[in-house]
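A look at the structure
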Amino acid sequence: MNAVITAALPVFALILTGWLAARAKVLGPGATDALNRYVVYLSLPALLFRAMTQVDLAHMAHWGFVGAFAGGIAVTFLVAFLPGRGADKNTRRALTDRSIEGLAASYANAGYMGIPLCLALLGADSLAPATFTTLLTASVLFGFAIALIEFDRQQTPNAAATLIKVGRALTRNPLLAAPVLGLAWASTGVALPEGIDRYVALLGASASPCALVTIGLFLAQTQTASAGPGVLRLVLGKLLLQPAVTAVLAFYVFSMPPLWAWTAVLMSALPIGTGPFMLANMYGRDARVTSRAILVSTVASVLTVSLLVAWISAHPVS
């Protein structure tokens, strides 16, 4: 219970703070976009960059961690993606819509919610594996979904053109570029100059609170219509199926340090991030299901993540 109060409660309290600020009109819709851009382009990249510059590359080759986390993503994505029929059994659902639903069911809110939670519960040593989950989620999973959508949109499918477009999109993603640059710096074996390190540390320190408040602002603007079966399927996949599959792979299939295993499970148990909603809007699809799934999964995660935090705190992680 103490871990829930000290680790999970502050995270959810900051989300609630953002929600209340939006409802009280202290921060309007424009603030959501501005704060979101600040987190995505400045503070979170700074945090990820600095984390990667400080890692010991010789002790980071935990491919079992990648296998466990990616395996949970793959199974959950496929479960949501494979049903190809809509309410009308004779109607084939578009590959684009199925890709967005698969993404929504498996896209953890890693950068905004996961990193603050890992730091609070598991300490600074969890930042490296948590950053890897952000890379897998924001680049590999997101890029795969974009590739499927672009393939679906082309009248004459062209694999090369699709890969080029996806590659361009990913190289412009600061959440991918920052940690990659950090790893490149770490490979030189040279420490960051003290002034630069201090600057990056100050900028990165604002990532967690700003990201969590941004989630609250977004949720306050999300439509609150009743959740249908499609929403429930996405939420159950994200909060229950993905962490269950990841836990089995992390503890019974692959080998890794306990801290990395618990980080994989905790990050996979997070609610749905805003990526699927942004992708649906970008491609002109109906975003109501994804926005409601984000809302419902975030609210439900107050219980599910708190229970998981309590469970993790009762087990050794080092």
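Residues numbered from 1 in each chain as written. Predicted model: local features only at pLDDT ≥ 70, side-chain atom pairs only at ≥ 80, totals over all residues. Heavy atoms only, no water.

As recorded in an unreviewed UniProt entry, the protein goes by Transporter YfdV and comes from Achromobacter kerstersii. Regarding the protein, the UniProt comment filed under Subcellular location (unreviewed entry) reads as follows: "Membrane". (UniProt positions renumbered as here; feature names shortened; annotations may be inferred.)

**Details of the overall build of the protein**
For the protein, the count of helices and strands is 14 helices and zero strands. Secondary structure elements in the protein, listed N-terminal to C-terminal, are α-α-α-α-α-α-α-α-α-α-α-α-α-α. Across the 318 residues of the protein, 54% fall into the buried class. Looking at the protein alone, contacts between residues at least 24 apart form 84% of all its contacts between residues at least 6 apart. Total accessible area on the protein is roughly 14,600 Å²; 67% of this is exposed by carbon and sulfur atoms. (Helix = DSSP H or I, 4+ residues; strand = E, 2+ residues; numbered from the N terminus. Buried < 20%, exposed > 50% of the residue type's maximum accessible area, 1.4 Å probe, protein only. Contact = heavy atoms within 4.5 Å. Areas by Shrake-Rupley, 256 points an atom, 1.4 Å probe, with all protein chains shown as cover.)

**What about the packing of helix H5 (residues 110-122) against helix H6 (residues 127-153)?**
For any two helices packed against each other, the geometry is given by the interaxial angle and the distance between the axes. At a minimum axis separation of 10 Å, H5 and H6 run at an interaxial angle of 165°. It follows from the interaxial angle that H5 and H6 lie roughly antiparallel. Regarding H5 and H6, the two cross each other, and that crossing is right-handed. Two secondary-structure elements touch here, H5 through Ala-110, Gly-111, Ile-115, Cys-118 and Leu-119 and H6 through Leu-127, Ala-130, Thr-133, Thr-134 and Thr-137. Looking at the contact of H5 with H6 residue by residue, the classes come out as six nonpolar, four polar and no charged. (Axes fitted to C-alpha atoms, helices over the stretch in contact; angles between N-to-C directions. Parallel < 35°, antiparallel > 145°, perpendicular 65-115°, else oblique. Left-handed = near helix turned anticlockwise from the far one by under 90°. Nonpolar A, V, L, I, M, F, W, Y, C, P; charged D, E, K, R; others polar.)

**Let's talk about helix H13 (residues 275-282)**
Of all the residues in H13, the buried ones are Gly-275, Pro-276, Phe-277, Leu-279 and Ala-280. Positive phi appears at Gly-284, one or two residues downstream of H13, with a value of about 70°.

**Some details on the environment of Leu-219**
In this fold, Leu-219 is placed in helix H10 (residues 207-220). On the accessibility criterion, Leu-219 (5% relative accessible area) is buried. Taking the C-alpha atoms as reference points, Leu-219 and Val-296, separated by 77 residues in sequence, lie 9.6 Å from one another. Dropping the residues within four chain positions of it, Leu-219 is found in contact with Ile-15, Trp-19, Ile-294, Leu-295 and Thr-298.

**Notes on the packing of aromatic side chains**
Taken as a whole and judged by the stated rule, the model has seven aromatic pairs. Between the aromatic rings of Tyr-107 and Phe-142, the centroid separation amounts to 5.9 Å while the plane-to-plane angle is 55°, which identifies the pairing as tilted. In this pair, Tyr-107 sits in the loop between helix H4 (95-106) and H5 while Phe-142 sits in helix H6, placing the two residues 35 residues apart along the sequence. Under the relative-accessibility criterion, Phe-142 is labelled buried at 13%. Three or more aromatic residues joined by ring pairs make a cluster, and in this case those are Phe-65, Phe-132 and Trp-260. Arg-98 extends its terminal NZ or CZ atom over the ring of Phe-81, reaching a point 4.4 Å from the ring centre. (Phe/Tyr/Trp six-rings, centres within 6.5 Å; stacked < 30°, edge-to-face > 60°. Lys NZ or Arg CZ within 6 Å of the ring centre and 35° of its normal.)

**A short note on the UniProt feature "transmembrane region" (unreviewed entry) in the protein**
Those places that UniProt annotates as "transmembrane region" (unreviewed entry) correspond, in this numbering, to residues 60-82, 103-124, 130-149, 175-193, 199-219, 231-254, 260-281 and 293-314. In residues 175-193, helix accounts for 63% and strand for 0%; the two terminal C-alpha atoms are 22 Å from one another.

**Quick look at a nonpolar patch on the surface**
A cluster of nonpolar side chains, Val-248, Phe-251, Tyr-252, Val-253 and Phe-254, forms an exposed patch at the surface whose accessible area comes to about 520 Å². Among the residues examined, Phe-254 registers a relative accessible area of 33% and is labelled partly exposed. (Patch = residues over 30% accessible without salt bridge, like charges linked within 9 Å, V, L, I, M, F, W, Y side chains within 5 Å. Salt bridge = Lys/Arg side-chain N within 4 Å of Asp/Glu carboxyl O.)

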